[in-house]
Amino acid sequence: MVTIQPDIAKNVLVIELSGRPTADELPAAERAMTAAIARLRPPFGVLSDVRELESLAAVPLEEFTRLALMLREAKVSRVVRVVGKSQAAAVQLERFSRAMKHSAHLAFSREEAWALFGNPRTP
């Protein structure tokens, strides 16, 4: 599952990946990302929560790349990734991030992630 929402008050794009996302979910995710980015002020932060992500194996790399390029063009100030359940999925995302020439700060909870933005907050 892919969920994308803006936190307008904190000027942060919140992306949540869980389970085993498929290519069928990406068109809706792309529309949600476009709408969310339009509501934020550049440069904005990105909180990527992958604690419940099991694998990205069912998502073609080129389609996932399109979402990443949208972020790259949108003037992102900081990316914080909340890691947890699957070490393999976290490694997949880190490799992808390096290929896209950006890095993410790692956090082990949402609270820690918000603190890295300077916005302590509970979900």
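If you're wondering where the values come from, they're calculated on a predicted model, not measured in any experiment. (Residues numbered from 1 in each chain as written. Predicted model: local features only at pLDDT ≥ 70, side-chain atom pairs only at ≥ 80, totals over all residues. Heavy atoms only, no water.)

(A) Highlighting the sheet that holds strand E1 (residues 2-7). The strand order across the open sheet built from 5 strands is E1-E2-E3-E4-E5, with neighbouring strands paired in mixed fashion. In the strand order of this sheet, the two ends are held by E1 and strand E5 (105-107), each with one partner. Within this sheet the neighbouring strands show an average axis-to-axis angle of 20°, counted without direction. As paired strands, strand E2 (residues 12-17) and strand E3 (residues 44-49) are joined by 5 bridges and run parallel to one another. Along E3, the bridge assignment pairs Leu 13 with Val 46. Its contacts with the sheet put helix H1 (residues 26-39) on E1, E2 and E3, and the angle it makes with E1 is roughly 5°. Running at roughly 165° to E2, helix H2 (residues 61-73) makes contact with E2, E3 and strand E4 (76-82) of the sheet. (Pairing = 2+ DSSP bridges. Helix = DSSP H or I, 4+ residues; strand = E, 2+ residues; numbered from the N terminus. Axes fitted to C-alpha atoms, helices over the stretch in contact; angles between N-to-C directions. Contact = heavy atoms within 4.5 Å.)

(B) A look at the nonpolar core. In terms of nonpolar packing, the biggest core is built from 25 residues, with Ile 4, Leu 13, Ile 15, Met 33, Phe 44 and Leu 71 touching the most fellow members. If you list the elements that add at least two residues to this core, you get E1, E2, H1, E3 and H2. Take this core: its biggest share by element is 5 residues, from H1. Dropping the residues within four chain positions of it, Ile 4 is found in contact with Leu 13, Val 14, Ile 15, Ala 29, Ala 32, Met 33 and Ala 36. (Core = buried A, V, L, I, M, F, W, Y, C linked by side-chain atoms within 4.5 Å. Buried < 20%, exposed > 50% of the residue type's maximum accessible area, 1.4 Å probe, protein only.)

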